[in-house]
Amino acid sequence: MSEQISSTTTFPATMNGLFGRVRQSPTLGEIFESEDLSRSLMEAARWPNGPECPSCKSVGAACKLTTRPGLWTCKACRRCQYSATSGTPLHGTRVTIAAWLVLYHALEVRKQRLSISQVSHKLNVSYLTAKSMLRRLDQMKAEMPEMADRLRSQLIDLSGTREGVMPGIARM
């Protein structure tokens, strides 16, 4: 009498923790389609030791706000609200974090040389937005090289390739 385990099968409380961690890490496609996964990847690149308050520089005193995804507040100074893009060249744009990651992956991991028109067409943004995106990514690499390197290495790890070529995935 064998019983199959379905996705709705409940396990004893001691086993839930074991099976909850079996799920593989998300693929690049899942990250590029999900704003939440993209945001968590950006947060990990920005704050490797956890969220850091831009005002008082405290680490570990952050609290996620439930009213707006990706927004943090500092419990230590109670002065500011911030996100993973606050204080970066990506701050204040209306472009989704997933779109930033798609472009950064194409430029840094796949080493594509994209024109402004190509970026505009592929990401479905205006020409001026594409121009601004390329400029801001260059600015981020110059001003925040540690964050850019962490983001690049995370994207390389997720793509499962070495520097450059991604077999089996169509060009952006």
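Residues numbered from 1 in each chain as written. Predicted model: local features only at pLDDT ≥ 70, side-chain atom pairs only at ≥ 80, totals over all residues. Heavy atoms only, no water.

1. Some remarks on the packing of aromatic side chains
A complete count under the given rule lists 2 aromatic pairs for this structure. Ring centres of Trp47 and Trp72 lie 6.4 Å apart, and the angle between their planes is 80°; this geometry places the pair in the edge-to-face category. One end of the pair, Trp47, is in the loop between helix 3 (35–46) and strand 1 (62–64); the other, Trp72, is in strand 2 (residues 72–74), with 25 residues separating them in the sequence. Both residues of the pair, Trp47 and Trp72, belong to the buried class. (Phe/Tyr/Trp six-rings, centres within 6.5 Å; stacked < 30°, edge-to-face > 60°. Helix = DSSP H or I, 4+ residues; strand = E, 2+ residues; numbered from the N terminus. Buried < 20%, exposed > 50% of the residue type's maximum accessible area, 1.4 Å probe, protein only.)

2. Brief notes about helix 7 (residues 145–159)
Along an α-helix, a turn takes 3.6 residues, which lines up residues three or four apart on a common side. Over its 15 residues, helix 7 extends 21 Å from the first C-alpha to the last, a length consistent with the 21 Å expected when each residue adds 1.5 Å. All of the buried residues along helix 7 are Met147, Ala148, Leu151, Arg152, Gln154, Leu155, Ile156 and Ser159. Once helix 7 ends, the next one or two residues include Gly160, with phi positive near 70°. (Expected span 1.5 Å × (residues − 1).)

3. Examining the sheet that holds strand 2
In spatial order, the strands read 1-2-3; together these 3 strands make up an open sheet with antiparallel pairing. One side of each edge strand has no neighbouring strand; the edge strands of this open sheet are strand 1 and strand 3 (81–82). (Pairing = 2+ DSSP bridges.)

4. Focus: the pattern of salt bridges
Per the counting criterion, the structure on display carries 3 salt bridges. Residue Asp36 pairs with Arg39 through a salt bridge whose shortest N-O separation is 3.0 Å. You can see Asp36 and its partner Arg39 sitting in helix 3, 3 residues apart, about one turn around the helix. Since its relative accessible area comes to 51%, Asp36 is described here as exposed. On the basis of relative accessibility, which here comes to 13%, the residue Arg39 falls in the buried class. Its salt-bridge partner being Glu108, residue Lys141 comes within 2.6 Å of it at the nearest N-O pair. Taken together, the positions of Lys141 in helix 6 (residues 127–143) and Glu108 in helix 4 (residues 97–109) put the pair 33 residues apart, joining distant regions of the chain. (Salt bridge = Lys/Arg side-chain N within 4 Å of Asp/Glu carboxyl O.)

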